[in-house]
Structures are given as C-alpha cells and as structure tokens.
Amino acid sequence: MTVARILAEKGSSVVTVPPHRTIDEAIHLLAEKQIGALVVGDAEGRVIGILSERDVMRALASEGASALDRPISHYMTAKVVTCTRRASIEDVMETMTEGRFRHLPVVEDGHLVGVVSIGDVVKRRIATVEAEHRAMRDYITMA
Ligand code: AMP
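Computed from a prediction, not measured in an experiment: that's the story for all the values here.

**Let's talk about the pattern of salt bridges**
Enumeration according to the criterion identifies eleven salt bridges in this entry. The closest approach of N and O atoms between Glu9 and Arg5, which form a salt bridge, is 3.6 Å. On the criterion of helical spacing, the pair formed by Glu9 and Arg5 is a turn pair, its members being four residues apart in helix 1 (residues 3-10). The exposure class of Glu9 is partly exposed, given its relative accessible area of 45%. Of the charged contacts, one joins Asp55 and Arg58 as a salt bridge, the two residues approaching to 3.3 Å between their closest N and O atoms. Of this pair, Asp55 and Arg58 both sit in helix 3 (residues 53-63), three residues apart, which is roughly one turn of that helix. The class for Arg58 is exposed, based on a relative accessible area of 54%.

So this is what it looks like as structure tokens:
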C-alpha cells in the first residue's frame, strides 16, 4: 500500500499554522482538531516546520507557563522530513522509526498534499496482516 492510497481513504486536509502564532494557540488547535502535530507553513504555503505535542511538552517542562506566549517558531522542528505519495507503508514505517517521530507531511512539487501519522500506518498494516491471516486460514482449511 502507498501513501497515495492512505490519503485517498483519509483525505488530504492538513492543519497548518503560521510560525508567529503562540504555543497557547497551538495547544488549542491541537485539542480542537484532536491531532498530535501541526505543520508550520509560510505565507507562500511552503512547509517550514512541524510542532508536535512533544515539542509543547518540552517547552512547558523547561520554561513553564511563559512558553505559552512565545511563538511556535521558537519550539518547532525546522528540518522537516517529508515523503511523497509514491512512498510505501514500509518506507513510511522505516522513516518514522529511524527519525523517532510519528508524523510525516506529504509534499509534492513543493506543495503540501497531506500528512500521514503513525496511527494511519498501524491501522492499515494491521488490516493487511489480518487479511493475510484470513487468506492463509482459508487456504489451510480448504486443503
Ligand atoms: P512526534 O513523534 O511526531 O510527536 O514528534 C517527535 C519530535 O519529532 C518532535 O520534536 C517533532 O517536532 C519532531 N518531528 C515530528 N515529525 C517530524 C518530521 N516529519 N520531520 C522532522 N521532525 C519531526
């Protein structure tokens, strides 16, 4: 299965946020949208960072409540690893495992076209393994 198929199933909308917004605003957006990360974009729509709930936790742990009024740009990861729609589920799992993160923006021709989370990957992987398991059982009981 490819990232293109995942996006066809879950949709390609991505919650993005400009870098000057505050951590307080980010927290509310994460809670409201029930997601774990925000893709940070510039005025031209380019991906310039990613802010996950872990970044927020780190900010609050090290600076306390004063971090809430600081801009997202201060705490986001600016070196964002991305993938394309052509990437396979195995590629995505490897990238996330090696990078130790759970979100992967999908970018093509400089445009953000979706985001894949570890939850999306695990859900499809389990479905595939279960389908293989069923097929194997049917094959064995038929014989
Ligand atoms: P996560 O596991 O996605 O909550 O993120 C853990 C850490 O990795 C945080 O510091 C994020 O800013 C960072 N991070 C998340 N996704 C990516 C990504 N695709 N590329 C680079 N860093 C990321």
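Now that the structure has been shown, we can carry on.
**Points about a negative patch on the surface**
A contiguous patch of negative charge on the surface is contributed by Glu90, Asp91, Glu94 and Glu98. With respect to the element layout, Glu98 can be found in helix 4 (residues 89-99). Glu98 gets classed as exposed once you look at its relative accessible area, which sits at 61%.

**Description of the sheet that holds strand 1 (residues 16-17)**
The three strands lie next to each other as 1-2-3, forming an open sheet whose pairing is mixed. Every interior strand has two partners, whereas the edge strands, strand 1 and strand 3 (47-52), have only one. Direction of pairing for strand 2 (residues 37-41) relative to strand 3: antiparallel, over a ladder of five bridges. Along strand 3, the bridge assignment pairs Val40 with Gly49. Across the face of the sheet, helix 2 (residues 23-33) comes into contact with strand 1, strand 2 and strand 3 while running at roughly 125 degrees to strand 2.

**Brief notes about the pairing of strand 5 (residues 111-117)**
As defined by bridge partners, strand 4 (residues 103-108) adjoins strand 5 across six bridges and the pair is classed as antiparallel. What sits directly across from Pro105, in strand 5, is Val115. Turn length for the strand 4-strand 5 hairpin, with the two strands adjacent in sequence and antiparallel, is two residues, and the turn residue Asp109 shows positive phi of about 50 degrees.

**Focus on the packing of helix 4 against helix 5 (residues 118-142)**
One can describe the packing of helix 4 onto helix 5 by two numbers: an axis separation of 10 Å at closest approach and a directional angle of 135 degrees. The orientation of helix 4 relative to helix 5 falls into the category oblique. As helix 4 runs across helix 5, the sense of the crossing is left-handed. For the pair helix 4 and helix 5, contact is made by Ile89, Glu90, Val92, Met93 and Met96 and by Ile118, Val121, Arg124 and Arg125, respectively. Across the contact of helix 4 with helix 5, the residue classes break down as six nonpolar, no polar and three charged.

**Description of the site of the ligand**
With respect to spatial proximity, 14 residues lie near the ligand, and among them Ser52, Asp55, Thr77, Arg102 and His103 are the closest. Separating an oxygen atom of the ligand from a side-chain N or O atom of Ser52 is a distance of 2.7 Å. Between a nitrogen atom of the ligand and a main-chain N or O atom of Val81, the distance comes to 2.8 Å. With the chains in place, 93% of the 480 Å² that the ligand exposes on its own is no longer accessible. Secondary-structure elements contributing two or more residues to the shell around the ligand are strand 3, helix 3 and strand 4. Looking at the shell around the ligand residue by residue, the class counts come to six nonpolar, three polar and five charged.

What counts, and at which threshold
- Residues numbered from 1 in each chain as written.
- Predicted model: local features only at pLDDT ≥ 70, side-chain atom pairs only at ≥ 80, totals over all residues.
- Heavy atoms only, no water.
- Salt bridge = Lys/Arg side-chain N within 4 Å of Asp/Glu carboxyl O.
- Helix = DSSP H or I, 4+ residues; strand = E, 2+ residues; numbered from the N terminus.
- Buried < 20%, exposed > 50% of the residue type's maximum accessible area, 1.4 Å probe, protein only.
- Patch = residues over 30% accessible without salt bridge, like charges linked within 9 Å, V, L, I, M, F, W, Y side chains within 5 Å.
- Areas by Shrake-Rupley, 256 points an atom, 1.4 Å probe, with all protein chains shown as cover.
- Lys, Arg positive; Asp, Glu negative; His and termini not counted.
- Charge placed at Lys NZ, Arg CZ, Asp CG, Glu CD.
- Pairing = 2+ DSSP bridges.
- Contact = heavy atoms within 4.5 Å.
- Axes fitted to C-alpha atoms, helices over the stretch in contact; angles between N-to-C directions.
- Parallel < 35°, antiparallel > 145°, perpendicular 65-115°, else oblique.
- Left-handed = near helix turned anticlockwise from the far one by under 90°.
- Nonpolar A, V, L, I, M, F, W, Y, C, P; charged D, E, K, R; others polar.
- Near = heavy atom within 4 Å.
- Polar contact = N/O pair within 3.5 Å; in protein donor to acceptor, adjacent residues only side chain to side chain.

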